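Structural overview
Now for the letters of each chain:
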Amino acid sequence: MKVSRLRKYAKLIARMGANVQKGQDVYLYGSLEQPKFIEMVTEELYKLGARRVHVKWQYSEMEKYHVKYQAEDTMAAVETFEEEELKYMRDHLPARVFVDSSNPDALKGVNVGKMMSAQQKRAPIVKPYRDAMNGKHQWTIAAVPGKAWAKKVFPNERPAKAMELLWEAILQCARVDEDPIAAWEAHNQDVHDRCEYLNGLGLTELHYQASNGTDFTVGLMEEGVFAGAMETTKSGVTFNPNMPTEECFTSPKRGVAEGIVYSSLPLSYQGDLIENFWLRFENGKVVEAHAEKNDERLQKMIAMDEGAAYLGECALVPFDSPINKTGLLFYNTLFDENACCHFALGRGFLECVQDGHHKTREELAACGLNDSMIHVDFMIGTADLSITGKCRDGREVEIFKNGTWAF
Ligand code: ZN
């Protein structure tokens, strides 16, 4: 890939993604597979005035050994130095930049039960720090190709060719063309306008219908808001958490969801593909679910904790999105979730509640926001999906028609 184009991408991540402020610290979680690119991002972050960039190299191939060889208690322990680092992050609110190239199969064959149970045990210590940072600092996730990932997406190509094709797909989806900053400003505006429109309707529920059998109604919170693309921290700094991003999303009201939804894309979850599945909801909760492939994985995910069987996200993405147009399955949620409409099981977003940043966990729960350790997106959008909204004043509004915006 041309260095000049990569430089544009690095600049885009630093400026539109993290929007690092003068004097701010940064944690850069950079893929070891692309050191030259991480070097560019580091330079761009400093050029914006970062005080210090902590680079944390990531290499997904190593993860499985930790799970295989560590005792569960070791995995579950939050060591003193780790907690000190969490405190530092809570107090200093560094921007966090993730440049990911994980092998989708990196965790294949590991003992997932052990991994999940260790995560559960860490949560009581780690989660309060994460909650305390929520909404107060900028963070962004972008991707670069890794060898195993590229080969997974393009199994029939030679390694070098597969890498090049994945670069091209990533840069296309991230709108890295002539002037990526201008392209993102326009895109942010479009998503913002659509969210404004949706928020003005006073929606109480959405009804989904598609020929694959999806017939599903989900309730929305009275204080719920649709958000998308650019976000703003409590202190007023804008950033783009996901590059790419195509969705207008909200968190549905916990306890209000009826009917059945069918997946439209395989779900790549912790090293496995859960395929051709459906979920049936009653009173907002999954009461029955089945996957043709890796059903056991799906069942475990839903049973992860109390909130894992409830919805945390409802996202509207046109079926003709740039991601879907590539025709690729990326085996990576950052891309695949932007291909079409999706839901997520688990944790809801506080930015999807009016004034959510200033509400306590209890107040958010009272609004109907779900909480869980997990947040897992799954795709349900099809070319014939229609979504009708019901408004507080009794009106019915067409939101989606033939898989895309009806307005
Ligand atoms: Zn989403």
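The structure presented is a predicted model; accordingly, all values stated were derived computationally and were not measured. (Residues numbered from 1 in each chain as written. Predicted model: local features only at pLDDT ≥ 70, side-chain atom pairs only at ≥ 80, totals over all residues. Heavy atoms only, no water.)

**Things to note about the overall build of the chain**
- Along the chain, the regular secondary structure elements total 13 helices and 20 strands.
- Relative to the compact-globule value of 22 Å for 407 residues, the chain shows a C-alpha radius of gyration of 21 Å, a close match.
- By principal-axis analysis of the C-alpha atoms, the chain measures approximately 55 × 50 × 50 Å.
- Counting every position in the chain, which comprises 407 residues, the buried fraction comes to 52%.
- Split by element, the accessible area of the chain, about 17,800 Å² in all, is 50% carbon and sulfur.
- One finds the centroid of the 47 positive side-chain charges in the chain at a distance of 5 Å from the centroid of its 59 negative side-chain charges. (Helix = DSSP H or I, 4+ residues; strand = E, 2+ residues; numbered from the N terminus. Rg over C-alpha atoms; globule rule 2.2 N^0.38 Å. Buried < 20%, exposed > 50% of the residue type's maximum accessible area, 1.4 Å probe, protein only. Areas by Shrake-Rupley, 256 points an atom, 1.4 Å probe, with all protein chains shown as cover. Lys, Arg positive; Asp, Glu negative; His and termini not counted. Charge placed at Lys NZ, Arg CZ, Asp CG, Glu CD.)

**Some details on the coordination of the zinc ion**
- Coordination of the zinc ion by the protein involves Glu247 (OE), Glu313 (OE), Glu337 (OE) and His342 (NE2), with metal-donor separations of 1.9 to 2.3 Å.
- Taken together, the four donor atoms surrounding the zinc ion define angles of 81 to 159° at the centre, an arrangement classified as irregular. (Donors = N, O, S within 2.8 Å, 3.2 Å for Na, K, Ca; no water. Tetrahedral: all angles 85-135°; square planar, octahedral: opposite > 155°, others 65-115°.)

**Digging into the nonpolar core**
- Judged by nonpolar contacts, the single largest core of 57 residues is most densely connected at Leu206, Tyr208, Leu279, Leu316, Phe343, Phe378 and Ile399.
- Those residues in contact with Leu279, other than ones at most four positions away along the chain, are Gly259, Ile260, Val261, Val286, Glu288, Ala289, Leu298, Ile302, Leu345 and Phe378.
- In terms of nonpolar packing, the next biggest core, distinct from the first, is built from 49 residues, Ala142, Ala162, Ala174 and Phe335 among them. (Core = buried A, V, L, I, M, F, W, Y, C linked by side-chain atoms within 4.5 Å. Contact = heavy atoms within 4.5 Å.)

**Examining the packing of helix α1 (residues 3-18) against helix α8 (residues 159-173)**
- α8 packs onto α1 with a crossing angle of 45° between their chain directions and a minimal axis gap of 12 Å. Taken together, α1 and α8 sit at an angle that is classed as oblique. In the packing of α1 onto α8, the handedness of the crossing is left-handed. Taking contact as the criterion, the partners of Arg5, Leu6 and Tyr9 in α1 are, on α8, Trp167, Glu168, Ile170, Leu171 and Gln172.
- Across the contact of α1 with α8, the residue classes break down as five nonpolar, one polar and two charged. (Axes fitted to C-alpha atoms, helices over the stretch in contact; angles between N-to-C directions. Parallel < 35°, antiparallel > 145°, perpendicular 65-115°, else oblique. Left-handed = near helix turned anticlockwise from the far one by under 90°. Nonpolar A, V, L, I, M, F, W, Y, C, P; charged D, E, K, R; others polar.)

**What about helix α6 (residues 112-133)?**
- Ala123 marks the point of greatest bend in α6, at about 60°, and the proline Pro124 comes within the next four residues.
- Every buried residue of α6 is listed here: Val112, Lys114, Met115, Met116, Ser117, Ala118, Ala123, Val126, Tyr129 and Met133.
- Contacts made by the buried residues of α6 are with α3 (63-69), α4 (72-76), α5 (80-92), β12 (267-269) and α10 (295-302).
- With a side-chain oxygen lying 3.2 Å from the backbone nitrogen of Gly113, the N-terminal cap of α6 falls on Asn111.
- Positive backbone phi, at 80°, marks Gly135, one or two positions downstream of α6. (Bend = angle between axes of the 7 residues up to and from the residue. Polar contact = N/O pair within 3.5 Å; in protein donor to acceptor, adjacent residues only side chain to side chain.)

**Considering the sheet that holds strand β3 (residues 95-100)**
- As summarised here, the arrangement of the four strands in space is β2-β1-β3-β4, forming an open sheet in which the pairing is parallel. A strand with exactly one partner marks an edge of an open sheet, and here the two such strands are β2 (52-58) and β4 (139-143). The average undirected angle you get between the axes of adjacent strands in this sheet is 15°.
- Of the strand pairs in this sheet, β3 and β4 are connected by five bridges, and their pairing is parallel. Bridged to Asp100 within β4 is Ala143.
- Each of β1 (25-31), β2 and β3 touches α5; the most contacted strand, β1, lies at about 125° to it. (Pairing = 2+ DSSP bridges.)

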